Every structure is written in structure tokens, then in C-alpha cells.
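Spelled out from the first residue to the last, the chains are:
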Amino acid sequence: MSSQSRFLAEPKTVAIVGCPFSGGQPKAGVDQGPISLVEAGIVSQLEGLGWKVKFDGHHQFEEISAVNDPPIGILKNPRLVSRVTKSVAGVVGGHAAKGELPLTLGGDHSLAMGTISGTLSKYPNACVVWIDAHADINTIESTESGNIHGMPLSFLIGIGSKVDEFSWVKPDLKADSLVYIGLRDVDTNEKKILKENNIKVFSMHDVDKYGIGKVVEMALDHVNPNRDRPIHLSFDVDALDPSVAPSTGTPVRGGLTFREGHYICEAISETGLLVALDMMEVNPSLADEASVKQTVAVGCSLVRSALGETLL
Ligand SMILES: NC(=[NH2+])NCCC[C@H](N)C(=O)O
Ligand SMILES: [Mn+2]
Ligand SMILES: [Mn+2]
């Protein structure tokens, strides 16, 4: 780990941002994800890798949750999601400003609106590697579900009509600074958005065709050709096959294997360019006890791989 993390201050510090939040989607339980990951021992696991770990409890969004929040158009919980993600942006940005690596534990993927905004506040030149079964790039016009966890990237890139409530989100992410790996459940409207904006996607078809090693190399060549830009890695656990990570709200078959998921994290770690990490959509109230345990353990081990754990 010692030679890694080109942008971080010494001693290498990871700041855990626990976000028990589920307002970006309809299923209860995803707010327990961060609690389970911490209970499974993620703090001591990261200390074991040589990191100084900052964690002073999960964030509480109670005050914000009290807001009266009728839908805007078909967007569900818009004020709640906006205010929670805005506060997360501040917290993540604050850690990044100090040279710490924010590790955000979700919670649903709408939180990435906050985490990526926070990263960009410190590193305007950061690129985003988004690992997911889904594209999460619906606009207010294109979303069919109204679930904001399917939309964060459209706000960050600045496509679709503006919603006043979300005016705090700066559309600072350029379409060519985003790359996806693992997609296999993309809405028809999203396919159009991805094409129109020329966004680079490595779907499961590409993983099958080229192998994960080549895919990660091509993905980094796209967003980070000189291997000199800070990387924000946003990992939705549903990128993994449901046989590997069953406890998540929108599982889709045909996903990444255990090793493919970990390989991505290891390869990003090896670049020394990682500045922020999200582990999202772990829902410990879905599926049986063994599945929950397995999913939480995989969430922890993906984080460890991204933060420098190696096989040898
Ligand atoms: N973060 C996720 N699991 N997103 C799932 C999104 C599913 C669908 N595309 C939607 O807009 O609702
Ligand atoms: Mn997903
Ligand atoms: Mn997602």
C-alpha cells in the first residue's frame, strides 16, 4: 500500500461516511447496509491493511427526513434525496479537502450525486468509474420509475431538464470522464442518452468478449489515458451476479463473478489514483440470513481490494 495513493496525505487516511439512506428507491432495508458493513468489521479490516481509519458513527438524516415531500413530476422523495445528497457532498468534499479518502457506505445509489459532487469539489479533473448492472442516468423526462437512484449521473453530467430542488448539483462531470463496467439492464431511454452523449460503456457482453483484464485496461485508457487523473470508483453491489451478491434491491442475472468484481477493485488500487470509493445498494433485509452474510462479506472484501489488499 505504501507507494500508492498519489493524491492522498500521509498518513494514509480513509474516512468512512456511513449513509443509512433509502429514499432514492422504494425498498426498505438498504439504509441498514452501512450498519451491516461496519458491524462486519470493515474498520479493523482496513486498519489491518495499514490505513488510519476515521469513523465516528453513521450520518443521521432525521431532521431532513421530516420534510413534507410530495413528488415533483414523477420524482419520488425529491427534497429528501436532494438534501441528504447535498449534505453528503459537503462531508465527502471536506474529507477530500484534507487529503483523506472518503469511503461512502450506502444506502442507495442516489447518494453518488453527493459523493461525486464532493470529489469534484476537491479534484475537478477526477474521472468516474461506475460499476453497476444499471446505468443510473435517467433524466426527469426519461425515468419510468421516478426512483432517483436510477438518475444520479444525469444530474452530475447536466442532461435533462433542470429541477429547482437540485440546483445545488453542479453539472461538472464531463460525459467523457465517465466509464461504466458491468451494465446489463439499461432502460431504452437510457440507451439513447448513452449514445447521444457518447458515453463509454463496457457491458457484460464486453466482459464476456474481452475478459475483465482487458476491459479494465480499456476503461482506464478511455477516462485516464496517461494514468494521471484522480479516480472516483462508485461500486453498486448489484454489478455482481445475484449468486455472488443476492441481498440487493434490483438484482439482475448475468453479472460479474466474484473474481471479476475484485479484479476491478485491485486494478484500480494498483493505479495509485483512487481518491474516493462508494460501496452501494447492500440491502441486508433482502434474502435469507446466509445470503445477507455473503453479500455483506463481499461488500467488505471489494472495499479491501480497492484499498490495497492483494492476493499475494
Ligand atoms: N442504483 C440502482 N440499483 N438503480 C436501478 C435503476 C433501475 C431503473 N433504470 C430505474 O431508473 O429505476
Ligand atoms: Mn444497480
Ligand atoms: Mn446503481
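Residues numbered from 1 in each chain as written. Chains lettered and ligands numbered in written order. Predicted model: local features only at pLDDT ≥ 70, side-chain atom pairs only at ≥ 80, totals over all residues. Heavy atoms only, no water.

> So, the site of ligand 1: which residues are in play, and what are the values?
The full set close to ligand 1 counts 13 residues, and Asp136, Asn138, Ser145, Asp187 and Thr250 are the nearest of them. One of the side-chain nitrogen or oxygen atoms of aspartate 187 is found 2.9 Å away from a nitrogen atom of ligand 1. A distance of 3.1 Å separates a nitrogen atom of ligand 1 from a polar side-chain atom of aspartate 238. For ligand 1, whose accessible area on its own is 340 Å², the fraction buried by protein is 92%. Taken atom by atom, the bulk of ligand 1 overlaps the largest pocket. Considered class by class, the residues forming the shell around ligand 1 number no nonpolar, 7 polar and 6 charged. (Near = heavy atom within 4 Å. Polar contact = N/O pair within 3.5 Å; in protein donor to acceptor, adjacent residues only side chain to side chain. Areas by Shrake-Rupley, 256 points an atom, 1.4 Å probe, with all protein chains shown as cover. 1 Å grid on protein atoms, 1.4 Å probe; cavity = no way out; pocket = protein on both sides within 12 Å on 5 of 7 lines; lining within 4 Å. Sits in = over half its atoms within 2 Å of the grid points. Nonpolar A, V, L, I, M, F, W, Y, C, P; charged D, E, K, R; others polar.)

> Help me get a handle on the coordination of the manganese ion (ligand 3), residues and values and all.
Surrounding the manganese ion (ligand 3) are the protein donor atoms His109 (ND1), Asp132 (OD), Asp136 (OD) and Asp236 (OD), at 2.1 to 2.2 Å. Mapping the donors of the manganese ion (ligand 3) onto the primary sequence gives the spacing H-x22-D-x3-D-x99-D. The metal-metal distance between the manganese ion (ligand 3) and the manganese ion (ligand 2) is 3.2 Å, with aspartate 132 coordinating both. Of this pair, histidine 109 sits in the loop between strand 3 (101-106) and helix 5 (112-122) while aspartate 132 is found in the loop between strand 4 (127-131) and helix 6 (152-157), placing the two residues 23 residues apart along the sequence. A single burial state applies to histidine 109 and to aspartate 132, both of which are buried. (Donors = N, O, S within 2.8 Å, 3.2 Å for Na, K, Ca; no water. Helix = DSSP H or I, 4+ residues; strand = E, 2+ residues; numbered from the N terminus. Buried < 20%, exposed > 50% of the residue type's maximum accessible area, 1.4 Å probe, protein only.)

> Quick one: what's the story with the nonpolar core, residue by residue and with numbers?
Counting 98 residues, the largest nonpolar core has Ile137, Phe166, Tyr180 and Ile181 as its most contacted members. If near-sequence neighbours (up to four positions away) are discounted, tyrosine 180 is found in contact with Trp130, His134, Ala135, Ile137, Leu153, Leu194, Ile199, Lys200, Val201 and Phe202. (Core = buried A, V, L, I, M, F, W, Y, C linked by side-chain atoms within 4.5 Å. Contact = heavy atoms within 4.5 Å.)

> Could you give an account of the coordination of the manganese ion (ligand 2), naming the residues involved and the relevant values?
Protein-derived ligands of the manganese ion (ligand 2) are Asp132 (OD), His134 (ND1), Asp236 (OD), Asp238 (OD) and Asp238 (OD), with the metal-ligand distances lying across 2.1 to 2.4 Å. For the manganese ion (ligand 2), all donor residues lie on one chain, and their spacing in sequence is D-x1-H-x101-D-x1-D.

> Describe the UniProt feature "binding site: Mn(2+)" (unreviewed entry) in the chain, and please don't skip the residues or the numbers.
Residues annotated in UniProt with the feature "binding site: Mn(2+)" (unreviewed entry) correspond here to His109, Asp132, His134, Asp136, Asp236 and Asp238. These annotated residues cover 130 residues of sequence, and their C-alpha atoms all fall within 12.2 Å of one another, placing them together at a single site. Lining the largest pocket, from the residues just named, are His134, Asp136, Asp236 and Asp238. One polar contact links histidine 109 to aspartate 132, side chain to side chain, over a distance of 3.2 Å. Relative to the helices and strands, aspartate 136 is located in the loop between strand 4 and helix 6. On the accessibility criterion, aspartate 136 (6% relative accessible area) is buried. With near-sequence residues (within four places) excluded, aspartate 136 lies in contact with His109, Trp130, His149, Gly150, Met151, Pro152, Leu153, Ser154, Glu190 and Asp236. (UniProt positions renumbered as here; feature names shortened; annotations may be inferred.)

> Explain the packing of helix 9 (residues 212-223) against helix 10 (residues 258-271) to me, and be specific about the residues and the numbers.
Running from N to C, helix 9 and helix 10 cross one another at 40 degrees; their axes reach a closest spacing of 10 Å. With respect to each other, helix 9 and helix 10 are oriented oblique. Crossing hand, helix 9 versus helix 10: right-handed. Within the contact between the two elements, helix 9 uses Ile212, Gly213, Val216 and Leu220 and helix 10 uses Glu260, Tyr263, Ile264, Ala267, Ile268 and Thr271. Among the residues forming the contact of helix 9 with helix 10, the class breakdown is 7 nonpolar, 2 polar and 1 charged. (Axes fitted to C-alpha atoms, helices over the stretch in contact; angles between N-to-C directions. Parallel < 35°, antiparallel > 145°, perpendicular 65-115°, else oblique. Left-handed = near helix turned anticlockwise from the far one by under 90°.)

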